[in-house]
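Residue strings, one per chain:
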Amino acid sequence: MNEAMDALEARVHRQLERMRELADRMAAVRVRETSADGVVTAVVDGNGALVDLELSDGVAELSPTDFEQTLVSTAASAARRAFAERGALVTGFNEEAAEDG
């Protein structure tokens, strides 16, 4: 009986450690995307929130509408990639948990 409790406790500790590692890896997700014309570079976190924005000198040549479209599409592309990266982390976690189960 004591061995069973020890094994259960060890399994729970492994799962908690994997959950902490998953949370750390998800928090560390950063995706950088640059527009095709190289004018806008957006960096987003794993939640798709913009954390950095770089504009080249070419931004002065864009109309306000073109700038807006370029910025939004570049940031959205980065967010999609960040969500995919987070999804892959969760999928890997779930697969590992199923193997351990």
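Calculation criteria
- Residues numbered from 1 in each chain as written.
- Predicted model: local features only at pLDDT ≥ 70, side-chain atom pairs only at ≥ 80, totals over all residues.
- Heavy atoms only, no water.
- Helix = DSSP H or I, 4+ residues; strand = E, 2+ residues; numbered from the N terminus.
- Rg over C-alpha atoms; globule rule 2.2 N^0.38 Å.
- Buried < 20%, exposed > 50% of the residue type's maximum accessible area, 1.4 Å probe, protein only.
- Salt bridge = Lys/Arg side-chain N within 4 Å of Asp/Glu carboxyl O.
- Expected span 1.5 Å × (residues − 1).
- Pairing = 2+ DSSP bridges.
- Axes fitted to C-alpha atoms, helices over the stretch in contact; angles between N-to-C directions.

**Q** Sorry, what's going on with the overall build of the protein chain here?
**A** When helices and strands are counted, the protein chain shows 2 helices and 3 strands. Along the protein chain, helices and strands appear, N-terminal first, in the series α-β-β-β-α. Since a compact globule built from 101 residues should have a radius of gyration of about 13 Å, the 21 Å found for the protein chain marks it as more spread out than a globular shape. Across its three principal axes, the protein chain shows a C-alpha extent of roughly 75 × 20 × 15 Å. Scored against the burial criterion, the 101 residues of the protein chain give a buried share of 25%.

**Q** Looking at this structure, I do not really get the pattern of salt bridges. What am I missing?
**A** Taken as a whole, this structure holds 5 salt bridges when the rule is applied. Across the salt bridge formed by R25 and E21, the nearest N and O atoms sit 3.9 Å from each other. Residue R25 and its partner E21 are both found in helix α1 (residues 2-27); the two are separated by 4 residues, about one turn of the helix. Residue classification places R25 among the partly exposed residues on the basis of a relative accessible area of 46%. According to the relative accessible area criterion, E21 is partly exposed, its value standing at 42%. Of the charged contacts, one joins R32 and E54 as a salt bridge, the two residues approaching to 3.0 Å between their closest N and O atoms. Note that R32 is positioned in strand β1 (residues 30-34) and E54 in strand β3 (residues 50-55), a separation of 22 residues in sequence. A relative accessible area of 46% means that R32 is categorised as partly exposed.

**Q** Please explain the environment of D100 as it appears in this structure.
**A** Of note, D100 is situated in helix α2 (residues 64-100). Residue class for D100 comes out partly exposed when judged on its relative accessible area of 26%. Sequence separation between D100 and D57 is 43 residues; the distance between their C-alpha atoms is 53 Å.

**Q** I would appreciate a short explanation of α1 in the present structure.
**A** Residues three or four positions apart in an α-helix share a direction because the helix packs 3.6 residues into each turn. The end-to-end C-alpha separation of α1 is 37 Å, in line with the 38 Å expected for 26 residues at 1.5 Å each. The set of residues buried in α1 consists of R18, L22 and M26.

**Q** How should the sheet that holds strand β2 (residues 40-45) be read in this particular structure?
**A** Sheets are built from strands paired through backbone hydrogen bonds, the pairs being either parallel or antiparallel. Read from one edge of the open sheet, 3 strands run β1-β2-β3, paired in antiparallel fashion. Each end of this open sheet is capped by a strand with a single partner; those strands are β1 and β3. Geometrically, the sheet is characterised by an average inter-axis angle of 15° between neighbouring strands, direction not taken into account. As defined by bridge partners, β2 adjoins β3 across 5 bridges and the pair is classed as antiparallel. For T41, the partnering residue across the bridge sits in β3 and is E54.

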